[in-house]
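# Examination of the molecular architecture
Listed below, chain by chain, are the residues.
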Amino acid sequence: MVSRIRIGILALQGAVREHRAVLHRLGAETCDVLNPPDLDRIDGLILPGGESTTTGKLLLRYGLAEPIARAGRRGMPIFGTCTGLILLSKHINRSNQYSLGLMDTGVERNAFGRQANSFEADMPIPVLGDKPYHTVFIRAPYIDRAGPDVDVLLRYEDKILFARQGNLLAAAFHPELTDDARVHEYFLQLIK
Ligand code: GLN
């Protein structure tokens, strides 16, 4: 019997339930990640949106920071959305908050200005196919610089909004808040 893919969702904070629902629709199993041993039972990990300073502190307090960083360095597929993108990044502009530092990227937080705290737009994302993808941004960060190992999957003006570095995937938007499961599907393909 072929066992199903099991995705862990970091459950310290944020949109855990929404990610879970999309993954179940795609036939994956999920489990909440709250303790280091949870990482041994999963094929991939999602770092959901939330507030990155707080999530970083909680990662340290729960003893998850170094185990997750190690799993990422060893090749475990990790997908960070919004706060998750910030936590994956090596550099966070003008901040000394904790990050896992796995992706060779620099990020600007809360980058779309105070007025436009959130917005939605249809964006072309070629790796997902021809149909544009409906992106939802909530006090979103963007990647403002990326090393040579980073594949840019969506750029808008000078902002990188979706990127991949090997086993690591980062989105500035919230794919768990739309009905279109193509971004999660793309993540599951990284595991298969
Ligand atoms: N602004 C948040 C931060 O800097 C991210 C927002 C989100 O995850 N929706 O952590």
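What this report covers is the structure whose coordinates are included nearby. (Residues numbered from 1 in each chain as written. Predicted model: local features only at pLDDT ≥ 70, side-chain atom pairs only at ≥ 80, totals over all residues. Heavy atoms only, no water.)

### Some thoughts on helix 3 (residues 65-73)
In plain terms, the rule: Only protein chains enter the accessibility calculation, which uses a 1.4 Å probe. A residue is then buried if its area is under 20% of the maximum for its type, exposed if over 50%, and partly exposed in between. Secondary structure elements follow DSSP: runs of H or I no shorter than four residues count as helices, runs of E no shorter than two count as strands, and numbering proceeds from the N terminus. What makes two residues a contact is simply this: any of their non-hydrogen atoms within 4.5 Å.
Among the residues of helix 3, those classed as buried are Ala-65, Pro-67, Ile-68, Ala-69, Ala-71 and Gly-72. The secondary structure elements touched by the buried residues of helix 3 are strand 1 (6-10), strand 3 (44-47), helix 2 (52-61) and strand 4 (78-81).

### Some remarks on the site of the ligand
Heads up, the rule is: Residues are counted as near a molecule or strand when any one of their heavy atoms sits within 4 Å of it. We call two N or O atoms a polar contact when they sit within 3.5 Å, provided that within protein one can donate a hydrogen and the other can accept it, with sequence-adjacent residues counted only if both atoms are side-chain atoms. With residues, only the protein chains shown are counted as cover, and all accessible areas are computed by Shrake-Rupley using a 1.4 Å probe. Three classes are used: nonpolar for Ala, Val, Leu, Ile, Met, Phe, Trp, Tyr, Cys and Pro, charged for Asp, Glu, Lys and Arg, and polar for all others, with Gly counted as polar.
In the region of the ligand, the neighbouring residues are Gly-49, Gly-50, Glu-51, Ser-52, Cys-82, Thr-83, Ile-86, Arg-109, Asn-110, Ile-138, Arg-139 and His-174. Take Gly-50: an N or O atom from its main chain is 3.0 Å from an oxygen atom of the ligand. Ser-52 has a polar backbone atom sitting 2.5 Å from an oxygen atom of the ligand. Protein contacts shield 93% of the accessible area of the ligand, which totals 300 Å² for the unbound molecule. Residues belonging to the shell around the ligand are distributed by class as follows: 3 nonpolar, 6 polar and 3 charged.

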